[in-house]
Amino acid sequence: MSLLHRELSQLLGAWRWKRRVETLCLATGRTFCSTTPGPEDPIEIHKRKLFLWFSHLPQEEKQFGGYFSPETMHVDPLILERKAVERAGLLSPPLQPQTTSSSSVTVQQLFEPTDGWSEGRGLNVLLYGAVGSGKSTVVRKLVLDWCAGNTLAHFKLLVPFTCEDLSQLSKVSSLRDLVSRKYLHLKKHPLLSGEGNSAKDVLFLFNGMEKMKVDFRIGATELCSDPNEALSPGVVVVNLLRKYLLPEASILVVTRMSALDRIPQKYVTRYAQICGFNDPDRQRAYFTSRLLQQSKGTQHNHEAHALIELLYLNLQRESQLAAACFLPSYCWLTCATLHFLHFTDAKAPIRTLTGIYTSFLRLNFGGEVLGAGPGSNVPIQEHHTSLMLYVVRTLGKLAFDGVTYKRTSFSEKELEQWIGGKTKTDEELRQLTMFRTDVLDFFLAPCVENGKRFSEEPSENSERRYVFAVPAMQEYLAALYVVLGENKSALEKMTRQVSVAIGQASEDVNALVNILSKFIPLRIFAVFNLLKLFPKLYEKISSRNKGSIARTMAAEMFRTEDSHNEDVLDQVEQSLLGVHGPQPKQCSEGQPFELYPIFMGGLLHYGNRVLLQQLGCSIQSTTVAQITQALRKYLVRELSKPQPPEELMDLLVLLYEFQNPRLTAEVLASIRTIRLKDIRMTPLKCFVLSSVLSCTSASHYLEELDLSSCLLTHNMLQILLPAFRNTHKLNLQFNSLGPESCIFLRDLLLDPQSSIRTLQLCDNPLLETGARTLLEVLPVNQSLTHLSLMHTGLGDQGALELAERLQRHRGLQELNVAYNNIGDSAALTLVDACREHPSIHTVHLYLNPLSDVGKQSLYVRGVPKTHSGSDRRVKVLASVTEGSDVSEDWHPILDVIRENASSWDRDRLKQQLQVFLRDLEWGRQQQQSLWKRLHFRRVEKGVRQTLKMLEKDNLPPSTGYSR
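Residues numbered from 1 in each chain as written. Predicted model: local features only at pLDDT ≥ 70, side-chain atom pairs only at ≥ 80, totals over all residues. Heavy atoms only, no water.

Trainee: For the overall build of the protein, give the residues involved together with the corresponding values.
Mentor: When helices and strands are counted, the protein shows 36 helices and 19 strands. The contacts in the protein between residues at least 6 apart in sequence include a share of 79% that link residues at least 24 apart. (Helix = DSSP H or I, 4+ residues; strand = E, 2+ residues; numbered from the N terminus. Contact = heavy atoms within 4.5 Å.)

Trainee: Tell me what's going on with the pairing of strand 12 (residues 727–731), and back it up with residues and numbers.
Mentor: Most of strand 12 is tucked away: four of the five residues are buried. Both strand 11 (residues 702–706) and strand 12 contribute to a ladder of four bridges, which runs parallel. Within the sheet, the bridge partner assigned to Asp-706 lies in strand 12 and is Asn-731. Judged from the three bridges that link them, strand 12 and strand 13 (residues 758–760) form a sheet pairing that is parallel. Bridging across to strand 13, Lys-729 finds its partner in Thr-758. (Buried < 20%, exposed > 50% of the residue type's maximum accessible area, 1.4 Å probe, protein only. Pairing = 2+ DSSP bridges.)

Trainee: Go over the side chain of Ser-359 with me, naming the residues and quoting the values.
Mentor: As for its position among the elements, Ser-359 is in helix 13 (residues 353–365). Taking relative accessible area as the criterion, Ser-359 reaches 8% and is therefore assigned buried. Of the polar contacts made by the side chain of Ser-359, one reaches the backbone oxygen of Gly-355; its length is 2.8 Å. (Polar contact = N/O pair within 3.5 Å; in protein donor to acceptor, adjacent residues only side chain to side chain.)

Trainee: Lay out the packing of aromatic side chains in plain terms, naming residues and giving numbers.
Mentor: Evaluated as defined, the whole model comprises 23 aromatic pairs. Ring centres of Phe-216 and Tyr-267 lie 5.2 Å apart, and the angle between their planes is 20°; this geometry places the pair in the stacked category. Of the two residues, Phe-216 sits in the loop between strand 4 (202–207) and helix 8 (233–242) while Tyr-267 sits in the loop between strand 5 (250–256) and strand 6 (270–274), which places them 51 residues apart along the sequence. We note that Phe-216, like Tyr-267, is buried. Here Tyr-330 and Phe-360 contribute two aromatic rings whose centre-to-centre distance is 5.2 Å and whose plane-to-plane angle is 50°, an arrangement assigned as tilted. Of this pair, Tyr-330 sits in helix 12 (residues 328–342) while Phe-360 is found in helix 13, placing the two residues 30 residues apart along the sequence. Owing to a relative accessible area of 0%, Phe-360 belongs among the buried residues under this scheme. Through successive ring pairs, a cluster of aromatic residues spans Tyr-330, Trp-332, Phe-360, Phe-365, Phe-442 and Phe-443. A cation over an aromatic ring shows up here: Lys-633 above the ring of Tyr-634, its NZ or CZ 5.2 Å from the ring centre. (Phe/Tyr/Trp six-rings, centres within 6.5 Å; stacked < 30°, edge-to-face > 60°. Lys NZ or Arg CZ within 6 Å of the ring centre and 35° of its normal.)

Trainee: Describe the pairing of strand 2 (residues 124–129), naming the residues involved and giving the relevant values.
Mentor: Within strand 2, six of the six residues are buried, which leaves it mostly tucked inside the rest of the structure. Here strand 2 runs beside strand 5; their pairing, made up of six bridges, is parallel. Each residue of the ladder has a partner; that of Leu-127, found in strand 5, is Val-254. Alignment of strand 2 against strand 6, held across four bridges, turns out to be parallel.

Trainee: Please provide a residue-by-residue account of the confidence of the model for the protein, values included.
Mentor: Looking at the protein as a whole, its pLDDT mean stands at 79, while 78% of the residues score no less than 70. Note that residues 1–36 has pLDDT below 50 and, in this model, 19 contacts with residues that lie over four places away or in other chains. Across residues 957–963, confidence stays below pLDDT 50; counting only partners more than four residues off in sequence or on other chains, it has 23 contacts. (pLDDT = per-residue confidence, 0-100.)

Trainee: Just give me the short version of the sheet that holds strand 16 (residues 842–844), but keep the residues and values in it.
Mentor: Taken in spatial order, the eight strands line up as 10-11-12-13-14-15-16-17 in an open sheet, and their pairing is parallel. Each edge of the sheet is formed by a strand with only one pairing partner; in this case those strands are strand 10 (673–675) and strand 17 (875–877). Strand-to-strand twist across the sheet, computed as the mean angle between neighbouring axes with direction ignored, equals 10°. (Axes fitted to C-alpha atoms, helices over the stretch in contact; angles between N-to-C directions.)

Trainee: Requested: an account of helix 17 (residues 471–483), with residues and values cited.
Mentor: For helix 17, spanning 13 residues, the distance from its first C-alpha to its last is 19 Å, which sits close to the expected 18 Å at 1.5 Å a residue. Helix 17 sits mainly inside the fold: 12 of its 13 residues count as buried. Every buried residue of helix 17 is listed here: Ala-472, Met-473, Gln-474, Glu-475, Tyr-476, Leu-477, Ala-478, Ala-479, Leu-480, Tyr-481, Val-482 and Val-483. Positioned one or two residues after helix 17, Gly-485 has a phi angle of 75°, which is positive. (Expected span 1.5 Å × (residues − 1).)

Trainee: An account of the environment of Leu-775 is requested, with residue identities and associated values reported.
Mentor: Counting through the fold element by element, Leu-775 comes out in the loop between helix 30 (767–774) and strand 14 (786–788). The class for Leu-775 is buried, based on a relative accessible area of 1%. Separated by 29 residues in sequence, Leu-775 and Glu-804 place their C-alpha atoms 9.9 Å apart. Not counting chain neighbours up to four residues away, the residues in contact with Leu-775 comprise Gly-798, Glu-801, Leu-802 and Arg-805.

Trainee: With reference to specific residues and values, describe the pattern of salt bridges.
Mentor: Counting across every chain of the model gives 31 salt bridges. Residue Arg-48 is joined to Glu-40 by a salt bridge in which the shortest nitrogen-to-oxygen separation is 2.7 Å. Of the residues examined, Glu-40 reaches a relative accessible area of 43% and is grouped as partly exposed. Between Asp-567 and Lys-685 there is a salt bridge, and its shortest N-O distance comes to 3.1 Å. (Salt bridge = Lys/Arg side-chain N within 4 Å of Asp/Glu carboxyl O.)

Trainee: Could you give me a rundown of a nonpolar patch on the surface, with the residues and numbers involved?
Mentor: Taken together, the side chains of Ile-218, Leu-223 and Tyr-244 present a nonpolar region at the surface, about 300 Å² in accessible area. Taking relative accessible area as the criterion, Tyr-244 reaches 42% and is therefore assigned partly exposed. (Patch = residues over 30% accessible without salt bridge, like charges linked within 9 Å, V, L, I, M, F, W, Y side chains within 5 Å. Areas by Shrake-Rupley, 256 points an atom, 1.4 Å probe, with all protein chains shown as cover.)

Quick look at the structure:
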């Protein structure tokens, strides 16, 4: 037994060791693990560490609600091999058929031997592309694939360098020191010794060559073939490319288009250009990997599939979106925006649309400076002009002009005027050249009009026009241009210069004045006190400028011509998914720029200001305080006027983007009614509403929250809970709330913090089961005074249960159960219960299948009992008549029918109107007074007009009346 036990123990130990090794291999995604004891191979250590380093994704990936692995979300961009004469060619227009002889290649194919390749010399491959074309993603995927053994397996060692890091090194270092400085485990590796041809198995990767100063002139760069000789990093890189140093090694250089000529052509074996996603299929693959990966196995999976289909349809139509998504960076922005619009989770960290665009720019331009360009003696990293600030001062100015004059497209002449029209020095010309080569095509794209193909050239009488790659980017840059204070007037600019100059001089002069004033009367030197005036004058003008920014935000938010446009979140969605079906009617002639003021508010949020600071765009706290103080006054004043639902929704989005609880509370303190009728609510809009209302104090109550006809679902109610608690009148009519929603509404009414007095649930499919759940609150809740359950599928059983529970609720005053298929018996029981109730005064029972005898009985039951102690009358609205008289509420009853005729059963309504006509005819015959007969005729005319409109399907616009 002991021998058997020992053998089993040994087998178990071996199995556990094997599992541990397999787990390690699986965790690193590799198959190069070894079970043999002894010191680990430095290259294996190198692969493991590289895998961990390059698997780390930027912070911006949290926009998608979590982290992804690069393998699951990577889509290979198009890479074209270029001839030397084609290397400086700009990107081809998106979706244009390739007319050059360039062929599509992979990075693996770029390192295959060429015709001019000689034995013993490695290949120098130059991979270039515009900003946002996917260079960093290609590099990350290349390194990870090499670590896993999936590509470039004939290279035993891959050594990646970031040229930005190399440019920061101030002291001289040898090649081996540079390698060991970053990769200590490769310090004494024989592949880097330079002996024999060992370096033929080494691939150096230099990413971002445009950030490093390299000089190939013989007089400026000494020759070196010793990997142990200490030189400046630039000289080491030059000697590697010259093949003086480790000539057997291969080199991959990744750079922008503006840096192509920094490496002479004779030192480059192959040129390859990253061209992004040139067809809708690559774009669709990217969207699928992003949107489906995060929604897999969740309730959002079906919605994600629908979004991808709509996106693909829009791309296939060669829309403006297809021109933008030519660059993978804009595919990222599209996915991040759609994830924000459709998959907002109340439990996730706060995200805003402004934050997405700010993160997008930081992802592409973080830490970037505008270099001096080729031919300049100024080191690139010593030139501290922020590239993003240069973008704001050029393209931001162009965007602001477009927003001011309601224009979205610009001609080539206008681009020349705004971007390069005022350059003076050679240095400015160099910067402009680099900007045009690397950045301009990132923000601007050729205009696509009416499905015109990208390959079509403009006619002789027309000129090519350009638009911002995505419409919202124009509004974002215009807002950033204003908030940064770049739109200063000539007086403001002059005042600042004079203020600074004289303010500095006044420090020296004040000391002299203080000494001389002891011997000479101070009034002689009073003129010097004017020196102190200029700084204060500038501060006053600057403060007025901040007030003008707040006025601009308020004026743009409440433009009367934009009042009937869809809310901004719907506009953003339409710009991405396209418009399917009838085109929306735009009441304003010009392009609405309703995101512009919202972006201005979002840019003042502290989190966005931190990101902008990293981009070299500083917004001071004093500026934010001045704008906020002025904005509060304008918003409160504008909200004193009635606002259309779309404008009110935009205001809520502005307050949400601002993320300033104090400002939000002070603005909403003056609002007692929020009417968002007919707004297409989404989880995001529900979250915005709840988030904004949560900023108010506990004592702040809304008199009315109208969310009728908003396409609400059960899941949205969960998000809206904070908005419901402090509301007196809650209108949820004409939505899609089923029996499961009644559980939420029951818990809401049972909540001690709830203050709902009026609850309107008309035209929701609650059914008997849902109504039974909802009625459980009546014995406990005592705040409810008005309950509307019209057209909710209540039925006889629901009416009887309602009658039974009414006696245990003492505060109800009005009950609406119209159009619920309630018969005579159940209706009589319900009216009897209401008559015995101490406070109910009105019961709505019209549009139910009641007989003439039943309606007469209901009217009689509502008349006060003269022999009892109570003479209170219960008004029963079962028809447009009450007994033999016309009902006082006949007109509201007809309004309800007209308003809901489009969604209700037309035949059922026509039948009920015919019953109304018979009731009116019978009542008119009972009258002796001529005036009363004329009144009956008037009511009959209204009923016949409504019946005629139903038959012709020509209903008047809704009056807004509902019960």
